[in-house]
Amino acid sequence: MNLLALIQAAGPLLWVLLALSVYVIYTAAVRAQLLGRLGRDPSALVERTRAVTAESGPAAALAELDRAADPTPAAAVLRAGLSRADRGVDAAQAAMNAAVLAADAQLYAGLSALGTAAQIAPLLGLLGTVIGMVRSFLVFSSTTSPTPGQLATGISEALINTAGGLIVAIVAYVARNALRAKADRIATQAERVREELP
């Protein structure tokens, strides 16, 4: 039995699972690409900014930071703090807090959708299982002695949908957890910058 025959045997619910799997893969790939770009180590940038601040002041450090064009959340926290440094420590701290919150929103965007897909996919597979079993029992009600081939249609639909739902859920769950771990590491870097800066 080839893949096309399996898809045809699974019924229309498998198309919903296939669409969900495309969404999961696309979302995971986009988020992984973004987190890869944002996940660079900011240590050298932080040290260089500290040195320039000590040597020439916050305005020069901000100019140096802008020239670096670093997109990481840690750089955004530095930029926010340095841009408000002339207004006092409290203003700089408030700006860095706001930058950390904005970074968190950017880092964790889309991860709840992957979690939802991981929860919904097995339910869709279960729905396909129920529909397949109902078809098998309908064969019993319409035929006095059904053949194995007649019963196999509903049973195969049930099992293919179950497997499809589990596969999509596993991929979504693993992708969500891996991306969340990466987002947590990046968010920790930004938090560390906020805590370490005077």
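This section reports on the structure supplied with the text. (Residues numbered from 1 in each chain as written. Predicted model: local features only at pLDDT ≥ 70, side-chain atom pairs only at ≥ 80, totals over all residues. Heavy atoms only, no water.)

## Some remarks on the packing of helix α5 (residues 73-83) against helix α6 (residues 89-108)
Operational definition: Between N-to-C directions, angles cover 0 to 180 degrees, with each direction set by a line fitted to C-alpha atoms, over the stretch in contact for helices. Helix and strand assignments follow DSSP, with helices taken as H or I runs no shorter than four residues and strands as E runs no shorter than two, numbered in order from the N terminus. Here the word oblique covers every angle except those under 35 degrees (roughly parallel), over 145 (roughly antiparallel) and from 65 to 115 (roughly perpendicular). Crossing handedness is read from the near helix: turned anticlockwise from the far helix by less than a right angle, it gives a left-handed crossing, and turned clockwise, a right-handed one. Working rule for contacts: check all heavy atoms of both residues, and any pair within 4.5 Å makes them a contact. Side-chain classes are defined by residue name, with Ala, Val, Leu, Ile, Met, Phe, Trp, Tyr, Cys and Pro counting as nonpolar, Asp, Glu, Lys and Arg as charged, and the others, Gly among them, as polar.
Look at α5 against α6: their axes get within 8 Å of each other, and the N-to-C directions meet at 155°. As summarised for this structure, α5 and α6 are arranged roughly antiparallel, according to the angle between their axes. Here α5 runs over α6; the crossing is right-handed. Between α5 and α6, the contacting residues are P73, A76, V77, A80 and G81 on the first element and A92, A95, M96, A99, V100, A103 and L107 on the second. For the contact of α5 with α6, the class distribution of residues is eleven nonpolar, one polar and no charged.

## Looking at the nonpolar core
Formally: Here, nonpolar core means buried Ala, Val, Leu, Ile, Met, Phe, Trp, Tyr and Cys residues that are tied together by side-chain atoms lying within 4.5 Å of each other. Buried means the residue's accessible area, taken with a 1.4 Å probe over protein chains only, is under 20% of the maximum for its type, while exposed means over 50%, and partly exposed covers the values in between.
Counting 25 residues, the largest nonpolar core has L20, V24, L35, L107, L114, A121 and L179 as its most contacted members. Of all elements in the fold, only α2 (13-38), α7 (111-142) and α8 (148-196) reach the threshold of two or more residues within this core. Contacts of L20, omitting those with residues within four sequence positions, involve A117, A121, L124 and V168. Counting residues in each nonpolar core, the second largest holds 17 residues, with A75, A80, A190 and V193 among its members.

## Quick look at a nonpolar patch on the surface
In plain terms, the rule: Patch rule: a residue counts if its relative accessible area is over 30% and it has no salt bridge; like charges are joined within 9 Å, and nonpolar side chains (Val, Leu, Ile, Met, Phe, Trp, Tyr) within 5 Å. To measure how exposed things are, a 1.4 Å probe is used in the Shrake-Rupley method; for residues, cover is taken only from the protein chains shown. By salt bridge we mean one thing: a side-chain nitrogen of Lys or Arg within 4 Å of a carboxyl oxygen of Asp or Glu.
Together, L123, L126, V130, V134 and L138 line one region of the surface with nonpolar side chains, adding up to about 470 Å² of accessible area. Here L126 lies in helix α7.

## As for the pattern of salt bridges
Applying the stated rule across the entire model yields six salt bridges. The salt bridge partner of R48 is E64, with a shortest N-O separation of 3.2 Å. In this pair, R48 sits in helix α3 (residues 43-56) while E64 sits in helix α4 (residues 58-68), placing the two residues 16 residues apart along the sequence. Overall, the relative accessible area of 37% leaves R48 in the partly exposed class. As a salt-bridge pair, E157 and R135 come within 3.1 Å of each other at their nearest N and O atoms. Of this pair, E157 sits in helix α8 while R135 sits in helix α7, and the two are 22 residues apart along the sequence. We classify R135 as partly exposed; its relative accessible area is 39%. Among the ionic contacts, a cluster of salt bridges with common partners joins R48, E64 and R67.

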